[in-house]
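# Structure at a glance
One-letter residues, chain by chain:
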Amino acid sequence: MNLLGLKLHHFLSYQDEQFICKDNNIYFITGINIDTNEKIGVGKSAIKEAIRYALYGKCRVTADDAIMFGKKEMTVQLDFEFGDNYRIRRSRKRNTSTKICFVNLTKKKDLTCSKNKNTQEVIEGIIGLGYEQFMHSFCFGQSEFDDLKNLTPTKLIDFLKKALKLDRFDYYLEKVKKYQEKTKNTINRLLEIQKISVKLVASNINEKEVNKKIKNLVLTKAIYQDKITKVNILYKSKNKIYMRIQDNLINIVKTLQKFTQQLEFVQKNSKCPLCKTKLQDNKKLNTYLNKEIEKVNLQIEKYKQEKIVKQKEIDSLINILENVRTKFLKIVELQGGLELKLQIYLNSKKNKQFLYDKSKYIRLLKLSGQLDRVNDIFNSKGLPLYLLNFYIPKLEFAINSELQKLINFRLEFRINKKLKNSDEVRNTCEFILLKQGREYSLSNLSNGQEFLVSLGIRLGVSKLYHNERKFETLIIDEGFGKLGEFSRNKVVHILNILKKKFKKIIVISHLDILTNLINSKLIYIEMHNGISKLISGGRNV
């Protein structure tokens, strides 16, 4: 994969910028914040994040957080060469899903699939690398993949599996585990049924008596079913009357409110509440309205009493219904239990235990043992570790050939370990550093030494990938600030050597001094008011 260019729209601190790198060279990216006169936090690493995001949809923050502050959408477009020329375009609106467009520019063919997942598989199939393989090899610095001191055997195996694409065995391991669980559940179920069968055979069930009980339970169940139906009908009828009383009560309360409002209007204004004309004498109307209010209050009290009576009747029906249903379900359970016991007993009498097949049980036990062994084969310390044996000498050589150019250390992988106070040898995977033939603890490494060792490992891994997949772009983000001047000169020397192996090397650093040491193309970034701009040769790209 040979990077050709990058176009950013509202991505992190970039508003609308292009990073064009068609020429094969080392591209040195540095910059300054004009407002603070500082060389950090100006958007240098955002170029690397944009490449990660375009290729794999991942960066150091969530997709929504990668959208420029105050903006609603963003787009990252990346052009690369891999035989043909290709373009990936990822766009996202805040709080919505991401859209991917993938096109073969040479053949003018749209490779976009209906689902993002499938489009991503097409992209990774063409460039030949998944996200973690890319981060383990061709993208180095300021990420979770750089910590050597906490690289346990398990993490190292995981690192190498992903770096060398041996993690494909994880798919088979997951399938084996699911099959194991299913097999063990079937075995346990057979064992439980066998125990029940043995007890039933020993109990010598009276078939006629059990059949009689089942018949009685069926009759009783029918009676309860009929009772449930009748109670349900009665409940619906009572509830209908209750709802009618409730509606009447609501209407009569509205009538009371109307008469009360009319009475208050007459007493206050001495006018007719309907036509609003002046009344000569409002006593008669007051008397009429008071009588109507009294009648309505009596009706309200009547409906309230009826409502209380119906509510009690409904509550009583609900209790009856719950009791009947509980008894009905218990009968169903008893009937089912007796039928199952009788069936198991009858089958056991014929030497055909119900749902229990001894040959099947033995076969499943053997299968379970075989699955355990297959599990051991596919787990991290099984077949993947065995296959690592074939890669490790080649990987050791590749890493050490890079390390000797950077720092006076050698690296060795160990794939087995003798236990303390025992002759037992266990499979493992760890690496040790040797200095002048003696083991050197990782905890004693300075930050600069750890950077160089980690860089050597990455370059060694990327060399294997480069030989197999022709990935022609290398990204190195910061790290040089931890080095002394002598070590920096070594890194510059190896970068110049790597120019022959990689068409593009992107170096991100806040150290301007390196621009004088590296024969490179300078990309300068200026940040002002939180917005980053790419400058090349003193002009906007």
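Note that the structure is a prediction, hence the values are computed from the model and not measured. (Residues numbered from 1 in each chain as written. Predicted model: local features only at pLDDT ≥ 70, side-chain atom pairs only at ≥ 80, totals over all residues. Heavy atoms only, no water.)

## Regarding the overall build of the protein
On a plain count of helices and strands, the protein comes out with 13 helices and 16 strands. Split into buried and exposed, the 541 residues of the protein put 42% on the buried side. Pairs at least 24 apart in sequence give 68% of the contacts found in the protein among residues at least 6 apart. Of the accessible surface of the protein, which amounts to about 31,100 Å², a share of 51% is contributed by carbon and sulfur atoms. (Helix = DSSP H or I, 4+ residues; strand = E, 2+ residues; numbered from the N terminus. Buried < 20%, exposed > 50% of the residue type's maximum accessible area, 1.4 Å probe, protein only. Contact = heavy atoms within 4.5 Å. Areas by Shrake-Rupley, 256 points an atom, 1.4 Å probe, with all protein chains shown as cover.)

## A closer look at the nonpolar core
Counting 79 residues, the largest nonpolar core has L6, F11, F19, I47, I51, L55 and F134 as the members making the most contacts within it. Tallying contributions element by element places helix α1 (residues 45-56) first for this core, with eight residues. Among residues more than four places away in sequence, those in contact with L6 are E17, Q18, F19, I47, A50, I51, V76, Q77 and L78. Counting 12 residues, the second largest nonpolar core, distinct from the first, contains L249, L256, L263 and L289. (Core = buried A, V, L, I, M, F, W, Y, C linked by side-chain atoms within 4.5 Å.)

## Re the state of the cysteines
This model, assessed by the stated rule, comprises zero disulfides. This cysteine, C272, is not joined by any disulfide, and C275 carries the nearest cysteine sulfur, 3.5 Å off. (Disulfide = S-S within 2.5 Å.)

## Details of the pattern of salt bridges
In this structure the tally under the stated criterion is 14 salt bridges. Between E49 and K48 there is a salt bridge whose closest N-O contact spans 3.9 Å. Classification of E49 as buried rests on a relative accessible area of 2%. A salt bridge links D477 to K48; the nearest nitrogen and oxygen atoms lie 3.0 Å apart. In this pair, D477 is assigned in strand β12 (residues 473-477) and K48 in helix α1, connecting sequence segments 429 residues apart. An identical accessibility class is assigned to D477 and K48; each is buried. Because the salt bridges share partners, they merge into one network encompassing K48, E49, R52 and D477. (Salt bridge = Lys/Arg side-chain N within 4 Å of Asp/Glu carboxyl O.)

## As for helix α3 (residues 116-127)
Along its 12 residues, α3 runs 17 Å from first to last C-alpha, staying within 8% of the 16 Å computed at 1.5 Å per residue. Those residues of α3 lying buried are T119, Q120, I123 and I127. One side of α3 holds all its buried residues, which, seen down the axis, span an arc of 100°. What points out from α3, more than 90 degrees from its buried face, is the exposed set K117 and G125. Those residues of α3 that are buried lie in contact with α1, β4 (73-82), β5 (84-93) and β6 (98-104). (Expected span 1.5 Å × (residues − 1). Arc of directions from axis to C-beta.)

## Brief notes about the pairing of strand β13 (residues 504-508)
With five of five residues buried, β13 is to be regarded as a mostly interior element. Side chains of β13 alternate between two faces, with K504, I506 and I508 and I505 and V507 buried alike. Pairing analysis gives five bridges linking strand β3 (residues 25-33) to β13, with the strands arranged parallel. Counted as the bridge partner of Y27 is I506 from β13. (Pairing = 2+ DSSP bridges.)

## A closer look at the pairing of β12
In terms of burial, β12 is largely enclosed, as five of its five residues are buried. Alternating positions in β12 separate into two faces, T473, I475 and D477 on one and L474 and I476 on the other, with burial throughout. Pairing of strand β8 (residues 139-140) with β12, which is carried by two bridges, proceeds in the parallel orientation. Paired with C139 across the bridge in β12 is I475.

## Concerning the side chain of T186
Relative to the helices and strands, T186 resides in helix α6 (residues 169-203). In terms of polar contacts, T186 uses its side chain to reach the backbone carbonyl oxygen of K182, at 2.9 Å. (Polar contact = N/O pair within 3.5 Å; in protein donor to acceptor, adjacent residues only side chain to side chain.)

## Considering the packing of aromatic side chains
Counted according to the given criterion, the structure contains seven aromatic pairs. A ring pair is formed by F80 and Y86, whose centres lie 5.3 Å apart and whose planes are at 20°; its orientation type is stacked. In this pair, the class of F80 matches that of Y86, namely buried. Every member of this aromatic cluster is reached through a ring pair, and the members are F80, Y86 and F102. Seen from the ring of F259, K258 lies directly overhead, with NZ or CZ sitting 5.3 Å from the centre. Its end group placed over the ring of F265, K276 keeps NZ or CZ at 5.2 Å from the ring centre. (Phe/Tyr/Trp six-rings, centres within 6.5 Å; stacked < 30°, edge-to-face > 60°. Lys NZ or Arg CZ within 6 Å of the ring centre and 35° of its normal.)

## With respect to the environment of L191
Topologically, L191 is positioned in helix α6. Between the C-alpha atoms of L191 and K358, which are 167 residues apart in sequence, the distance is 9.9 Å.

## Describing the environment of D35
Turning to its location among the elements, D35 is positioned in the loop between β3 and α1. If we ignore the near neighbours within four places in the chain, the residues touching D35 are M527, H528, N529 and G530. Of the polar contacts made by the side chain of D35, one reaches the side chain of H528; its length is 2.8 Å. For D35, the side chain forms a polar contact with the main-chain nitrogen of N529, separated by 2.7 Å.

## Remarks on the side chain of K44
If you trace the backbone, K44 turns up in the loop between β3 and α1. Polar side-chain contacts of K44 include one of 2.8 Å to the backbone oxygen of K39. If we ignore the near neighbours within four places in the chain, the residues touching K44 are Y14, I29, T30, G31, K39, E478, I508, S509, H510 and I525.

## Quick word on the confidence of the model for the protein
Averaged over all residues, the pLDDT of the protein is 80; the fraction at 70 or higher stands at 79%. For residues 537-541, every residue scores under 50 in pLDDT, and the model assigns this stretch eight contacts once sequence neighbours within four places are set aside. (pLDDT = per-residue confidence, 0-100.)

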